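Observations on chain architecture
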Amino acid sequence: MPYGDPNFGVLITCRCKQAEKERRRYEELERLSNLAPLRDKTFATFDRTVPGVQRAFARAYEYAQNPQGWLVLFGGYGCGKTHLAAAIANEALDRHTPVLFTVVPDLLDHLRSTFGPNSETAYDERFELVRDVPLLILDDLGTENTTPWAREKLYQIMNHRYNYALPTVITSNRDPKDIDPRILSRMYDTAICRERIIIEAGDYRRLSLEQRYHSRRRRGDSSRARTQE
Ligand SMILES: Nc1ncnc2c1ncn2[C@@H]1O[C@H](COP(=O)(O)OP(=O)(O)OP(=O)(O)O)[C@@H](O)[C@H]1O
Ligand SMILES: [Mg+2]
C-alpha cells in the first residue's frame, strides 16, 4: 500500500489464504457437526399436525429464515427437539451459513481431546471456532456430566455468545434446575431470547407403524410412507 493509504503498514491476509482459511473452517465445522445422520431431519419431514408442536415448528421455521438471538426449546423425550434443531442446521447448510450442530457432552469431549499433548488441533483455535461460529446449535443442554473444567468452558462459550448476541439454538429435556444457573439466567433474558418454547407433544418414537404411516401421509411423504411400512 502506498504511504498515506489507511492500510499502509497493516498486515492483511492475502485473498487466496483467506479463502483457504474459510474453507478449512467450514470443513472443521462440518466434521465436528456430524450432521450426516440428521440430514433428513428437515421442516418438510416434520409433521406439524402433531398436537403440541405447532408453536415450536413456527418459531423454529421463522428462526431458520433469519437466525437472530437465541432460540430455546424445552420438552420431554421424543417430542421433536433434535429434529427441529437439525432442521435449522440443515437450512443453514443449504444457505451456506457456517453452522455447528453439536450435542453438549460431545462438544465438551471434543474440547477436552484438543487439550491433550498429542492433539493435532490447537485448543485455542477450536475453542474460538465454537465460541464465534455464526450459528451454534447445542442439543441436549443439561445432560453433560460436568467436571468443573467443562462447566467453565461451557459457561465461557455461552457468556461470550450472550455478550455478542450471537445466534444460538439450545434444546433441553431437563428440569431447568439441572442447568448451570449462570447459563439459565442468560437464557431467560428476553432481550436475547424472546421466549422459551416448551413442546408439550408426546414421544413420537412411541407411535405405532400405522400412526407413523398416517403422519408421513399428512406431510405429503406418501412415497416414503409406502416403501418404509
Ligand atoms: N412432529 C414430528 N414429525 C416427524 N417426525 C418426528 C416428529 N417429532 C419427532 N419426530 C421423530 O421422532 C424421533 C425423535 O424425535 P427427536 O429426536 O427430535 O426427539 P427429542 O425431543 O430430541 O428427544 P430426546 O429428548 O430423547 O433427545 C426422530 O426420529 C424425529 O425425526
Ligand atoms: Mg434429542
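Summary of the structure given here. Please read these numbers as outputs of a predicted model, since none were measured by experiment.

Procedures and definitions
Residues numbered from 1 in each chain as written. Chains lettered and ligands numbered in written order. Predicted model: local features only at pLDDT ≥ 70, side-chain atom pairs only at ≥ 80, totals over all residues. Heavy atoms only, no water. Helix = DSSP H or I, 4+ residues; strand = E, 2+ residues; numbered from the N terminus. Buried < 20%, exposed > 50% of the residue type's maximum accessible area, 1.4 Å probe, protein only. Contact = heavy atoms within 4.5 Å. Areas by Shrake-Rupley, 256 points an atom, 1.4 Å probe, with all protein chains shown as cover. Lys, Arg positive; Asp, Glu negative; His and termini not counted. Charge placed at Lys NZ, Arg CZ, Asp CG, Glu CD. Salt bridge = Lys/Arg side-chain N within 4 Å of Asp/Glu carboxyl O. 1 Å grid on protein atoms, 1.4 Å probe; cavity = no way out; pocket = protein on both sides within 12 Å on 5 of 7 lines; lining within 4 Å. Points joined across faces, edges and corners; volume = space filled by probe spheres on them.

Turning our attention to the overall build of the chain. Secondary structure assignment for the chain yields nine helices and five strands. Counting from the amino terminus, helix and strand elements in the chain follow one another as α-α-β-α-β-α-α-β-α-β-α-β-α-α. Its C-alpha atoms give the chain principal-axis dimensions of about 70 × 40 × 40 Å. When burial is assessed residue by residue, the chain has 42% of its 229 residues classed as buried. For the chain, long-range pairs separated by at least 24 residues make up 78% of all intrachain contacts whose partners lie at least 6 apart in sequence. If you sum the accessible surface of the chain, you get close to 13,100 Å²; carbon and sulfur atoms cover 51% of it. With 35 positive and 32 negative side-chain charges, the chain shows a spacing of 3 Å between the two charge centroids.

This part takes up the side chain of Arg161. Checked against the element boundaries, Arg161 lands in helix 6 (residues 148-163). One buried charged residue, Arg161, remains without a salt bridge, the closest side chain of opposite sign being Asp132 at 5.9 Å.

Attention now moves to the layout of surface pockets. Put simply, the largest pocket is a space of about 720 Å³. Taken together, 31 residues form the lining of the largest pocket, with Lys41, Gly78, Gly80, His83 and Tyr204 sitting closest to its centre. Of all the secondary structure elements, the ones that give two or more residues to the lining of the largest pocket are helix 3 (81-94) and helix 8 (209-218). In terms of residues, the lining of the largest pocket owes the most to one element, helix 8, which gives four residues. Of the volumes computed, that of the second largest pocket is approximately 430 Å³. Those elements that place two or more of their residues in the lining of the second largest pocket are helix 1 (15-33) and helix 5 (123-132). By residue number, the principal contributor to the lining of the second largest pocket is helix 1, which donates eight residues.

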